[in-house]
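One letter stands for each residue in the lines below.
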Amino acid sequence: MSSLSGAQARRIALAAQGFRDPRHAVPTMRTLVRALRRTSVLQIDSVNVLQRAHYMPVWSRTGSYDVDLLRRAAEERPRRMVEYWAHVAAFMPVDLWPVMRHRMRRYRDEGHEWVGLPTNRRLADSLLAEIAERGASTARSLDDGLPRTRTDWGWNWSATKQTLEYLFLAGEVAVAGRTQQFERLYDLPERVVPREHLEAPEPTVEEAARELVRRAARSHGVATAASLRDYFRMSPQLTTPAIDSLVEDGELVPVTVEGWGRPAYLHRDAALPRRVEACTLLSPFDPVVWERARTEAMFGFRYRIEIYVPAPKRVHGYYVLPFLLGDRLVGRVDLKADRASATLLVKAAYAEEHAPPETAERLAGVLDELASWLGLDRVVVEPRGDLAHALAKG
């Protein structure tokens, strides 16, 4: 079994995620597809204090791009990606649709912890019939219009919404797009998924698991079994045999990584560059950092999202983005897009102990780029955090 240093593992992982791909002067659909191929999924989240989560990983890898590229890839023919419960709610390459059928079947038979099984199949059938007649529709447009109440962390779901979510998870409807209010537009799969993928032969459960682990390994470069399992939120019962099969075929190579404390697997096609010269911010939902234990093992960077933490108990802020410089996470900033004043607010800025002297200067350039991409006119740094003063001066 070969071994890797911690620095080698970081460079492998970042190269696999696309941080050594050359930036295109004007990002095109080809640029977007390349980024999606690297990440395998783009996680979706409704928080919009800065920018919707699925847009950010593409920006981190390609720089400023027209977000309409992503909409076209998901909503116009030929569709390059489709929404499904891949990591959690996420965009995935459309060719994964048949690979996910075993998951759809499980949700159809067992339900999901959030929505369960429908208690009224007649409602499900009537919604399918109405969508077939009306075309892509939101839950609200199909609902009975009763007012909702707001409790806990979100809007209470109506029976219509719950049933539509069940049908979505079961693959009986697909997502044709999103409204300006970020509501899903549900439609029949045959009007969303290209025929070659909708009608493709269904792989066995074992073949599907192997393909998902393969894609997770390509996107990670090097990873533990737990990380390979987490990428598409798979069970150990499916992941372990798939890893063993890929090891036997030589596609995954067992390795040890300095400081990880667990066996790891290197994808045979993973590149090991001498340098990674990244300089960007990462969304809390970026695949590089979404598994917090991996982030800590790989970068020595303890990261927790504090959106749901009461404000007085937050350590770093509400919507905190790690700053990637070279192959290290060297700082973190709490950001907010104040669209009313066209301002990117830096609510707080912190440097890691190993941050180099040029951290503030490099971060200032990235913040200017981010503000421009978001259509904001200026960056304002508030005096919180040990990096704030130097960042404001820069």
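Keep in mind that what you see is a predicted model, and the values were worked out from it rather than measured.

What counts and what doesn't
Residues numbered from 1 in each chain as written. Predicted model: local features only at pLDDT ≥ 70, side-chain atom pairs only at ≥ 80, totals over all residues. Heavy atoms only, no water. 1 Å grid on protein atoms, 1.4 Å probe; cavity = no way out; pocket = protein on both sides within 12 Å on 5 of 7 lines; lining within 4 Å. Points joined across faces, edges and corners; volume = space filled by probe spheres on them. Helix = DSSP H or I, 4+ residues; strand = E, 2+ residues; numbered from the N terminus. Pairing = 2+ DSSP bridges. Core = buried A, V, L, I, M, F, W, Y, C linked by side-chain atoms within 4.5 Å. Buried < 20%, exposed > 50% of the residue type's maximum accessible area, 1.4 Å probe, protein only. Contact = heavy atoms within 4.5 Å. pLDDT = per-residue confidence, 0-100. Polar contact = N/O pair within 3.5 Å; in protein donor to acceptor, adjacent residues only side chain to side chain. Phe/Tyr/Trp six-rings, centres within 6.5 Å; stacked < 30°, edge-to-face > 60°. Lys NZ or Arg CZ within 6 Å of the ring centre and 35° of its normal.

Asker: Is there a simple way to think about the layout of surface pockets in this case?
Answerer: The gaps of empty space that remain are located by a probe, the size of a water molecule, rolled over the atoms. Roughly 490 Å³ of volume is contained in the second largest pocket. As for the second largest pocket, its lining consists of 21 residues, of which L36, R37, R38, S40 and R218 are closest to the centre. Elements represented by at least two residues in the lining of the second largest pocket include exactly α1 (6-16), α2 (29-39) and α10 (205-220). Counting residues per element, the lining of the second largest pocket draws most heavily on α2, which supplies five residues.

Asker: Can you walk me through the sheet that holds strand β2 (residues 42-43) in this structure?
Answerer: Adjacent strands of a sheet pair through backbone hydrogen bonds, lying either parallel or antiparallel. Strand order in the open sheet formed by three strands is β2-β4-β3, with antiparallel pairing between adjacent strands. Strands at the two margins of the open sheet, each flanked by one partner only, are β2 and β3 (81-85). With two bridges joining them, β2 and strand β4 (residues 89-93) adopt antiparallel strand pairing. Bridged to Q43 within β4 is A90.

Asker: Hey, could you run me through the nonpolar core in this one?
Answerer: Considering soluble globular proteins, one finds that nonpolar side chains tend to be buried as a cluster. With 103 residues, the main nonpolar core has L50, F232, L281, L335 and L370 as its most contacted residues. The dominant element in this core, judged by the number of residues it contributes, is helix α14 (residues 359-373), at eight residues. Among all residues touching L281, those that are not within four sequence positions of it are W59, S60, L321, P322, F323, V333, L335, L363, V366, L367 and L370. Counting 24 residues, the second-largest nonpolar core is a separate cluster that includes A13, V288, F299 and L324.

Asker: So what exactly am I meant to see when it comes to the confidence of the model for the protein here?
Answerer: Detailed reading of the predicted model is not advised wherever pLDDT is low. Of all residues in the protein, 95% attain a pLDDT of 70 or more, and the chain-wide mean is 94. Per-residue pLDDT stays below 50 along residues 145-155; that stretch engages in nine contacts with residues further than four places along the chain or on separate chains.

Asker: Help me understand the environment of D21, please; the structure alone is not making it clear to me.
Answerer: As for its position among the elements, D21 is in the loop between α1 and α2. Taking relative accessible area as the criterion, D21 reaches 15% and is therefore assigned buried. Sequence-wise, D21 and T31 are 10 residues apart; in three dimensions their C-alpha atoms are separated by 9.7 Å. Among the polar contacts listed, one links the side chain of D21 to the side chain of R38, at a separation of 2.8 Å.

Asker: Quick question: what am I supposed to make of the packing of aromatic side chains here?
Answerer: To describe a pair of aromatic rings, you give the distance between the ring centres and the angle between the ring planes. A full pass over the atoms with the stated rule returns seven aromatic pairs. With 5.8 Å between their ring centres and 55° between their planes, F301 and Y303 make a pair best called tilted. For the pair F301 and Y303, one class covers both residues: buried. A network of ring pairs unites the aromatic residues W59, Y65 and W373 as a single cluster. R178 extends its terminal NZ or CZ atom over the ring of F182, reaching a point 4.2 Å from the ring centre. Against the face of F301 rests R332, its NZ or CZ located 4.0 Å from the ring centre.

Asker: Sorry if this is basic, but what is going on with unusual backbone geometry here?
Answerer: A negative phi holds for most residues other than glycine; trans holds for most peptide bonds. The step from R77 to P78 runs through a cis peptide bond, and the omega angle for that step is -10°. Within the secondary structure, P78 sits in the loop between α4 (68-75) and β3. The phi dihedral of F182 is positive, around 70°, even though this residue is not glycine. Take F182: it is sitting in the loop between β7 (174-178) and β8 (184-187). For F182, a relative accessible area of 14% translates into the label buried. For A342, which is not glycine, the phi torsion reads 55° and is therefore positive. Position of A342 relative to the elements: it lies in the loop between β14 (328-338) and β15 (343-351).

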